[in-house]
Amino acid sequence: MALISIDRERGLLTAEFQGLDKLWTLKSRLEIPLTHVRGATHDPGIAREPKGIRVVGTYLPGVITAGRFRHNGERLFWDVKNPDKAVVIELADAESYDRLVIEVDDPRATVALIEQSIARG
């Protein structure tokens, strides 16, 4: 699971990975410029979609999807064990990823936080 935060001063969205997720994803955090964030949605169904090719990370079908994946030319970052808590963050002008698929504690609040932050520009 990840904690998502917004730093308006620095213009960053930060995903801080908790516990063993650091091991599964091989990352402790991601920092994305807010100018690169197009939007976020709560999407439990995304876990049923093809993941593509795992570049680095962990994939045990039905258990965990974590790390970097490539699918149809897209660069994806996953950190999901419970699909009901999956949030998809769409990125533009992404240096590293096109989409982040991240499990959070409160998907609705996380989506609202991200959408409000990008609406303020």
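See above for the structure.
One structure accompanies this document, and this report is about it. Everything numeric in this text was worked out from a predicted model, so none of it was measured.

**What to know about the sheet that holds strand β1 (residues 2–7)**
Link 1 in the chain: Read from one edge to the other, the open sheet built from three strands follows the order β1-β2-β3, with strand pairing classed as antiparallel. A single partner strand is all that each edge strand has here, and the edge strands are β1 and β3 (29–33). Adjacent strand axes in the sheet meet at a mean angle of 15 degrees, parallel and antiparallel pairs treated alike.
Link 2 in the chain: Looking at chain direction, β1 and strand β2 (residues 12–17) are connected through six bridges and run antiparallel.

**With respect to the nonpolar core**
Link 1 in the chain: Counting residues in hydrophobic clusters, the biggest one holds 22 residues, and the most contacted among them are Ile 4, Leu 13, Ile 89, Leu 91, Leu 100 and Ile 102.
Link 2 in the chain: Ile 89 has contacts with Ile 4, Leu 13, Val 37, Gly 39, Ala 40, Asp 98, Arg 99, Leu 100 and Ile 114, leaving out every residue within four places of it along the chain.
Link 3 in the chain: Core analysis: the second largest hydrophobic core is formed by eight residues, Ile 46, Leu 76, Val 80 and Ala 86 among them.

**Details of helix α2 (residues 107–119)**
Link 1 in the chain: Over its 13 residues, α2 extends 18 Å from the first C-alpha to the last, a length consistent with the 18 Å expected when each residue adds 1.5 Å.
Link 2 in the chain: Those residues of α2 lying buried are Pro 107, Thr 110, Val 111, Ile 114 and Ser 117. Viewed end-on, α2 has its buried residues packed into an arc of 135 degrees, placing them on one side of the element. When the buried face of α2 is taken as reference, the exposed residues oriented beyond 90 degrees from it are Arg 108 and Ala 119.
Link 3 in the chain: Of the surrounding elements, those touching the buried residues of α2 are β1, β2, β4 (37–42) and β8 (86–91).

Thresholds, definitions, all that
- Residues numbered from 1 in each chain as written.
- Predicted model: local features only at pLDDT ≥ 70, side-chain atom pairs only at ≥ 80, totals over all residues.
- Heavy atoms only, no water.
- Pairing = 2+ DSSP bridges.
- Helix = DSSP H or I, 4+ residues; strand = E, 2+ residues; numbered from the N terminus.
- Axes fitted to C-alpha atoms, helices over the stretch in contact; angles between N-to-C directions.
- Core = buried A, V, L, I, M, F, W, Y, C linked by side-chain atoms within 4.5 Å.
- Buried < 20%, exposed > 50% of the residue type's maximum accessible area, 1.4 Å probe, protein only.
- Contact = heavy atoms within 4.5 Å.
- Expected span 1.5 Å × (residues − 1).
- Arc of directions from axis to C-beta.

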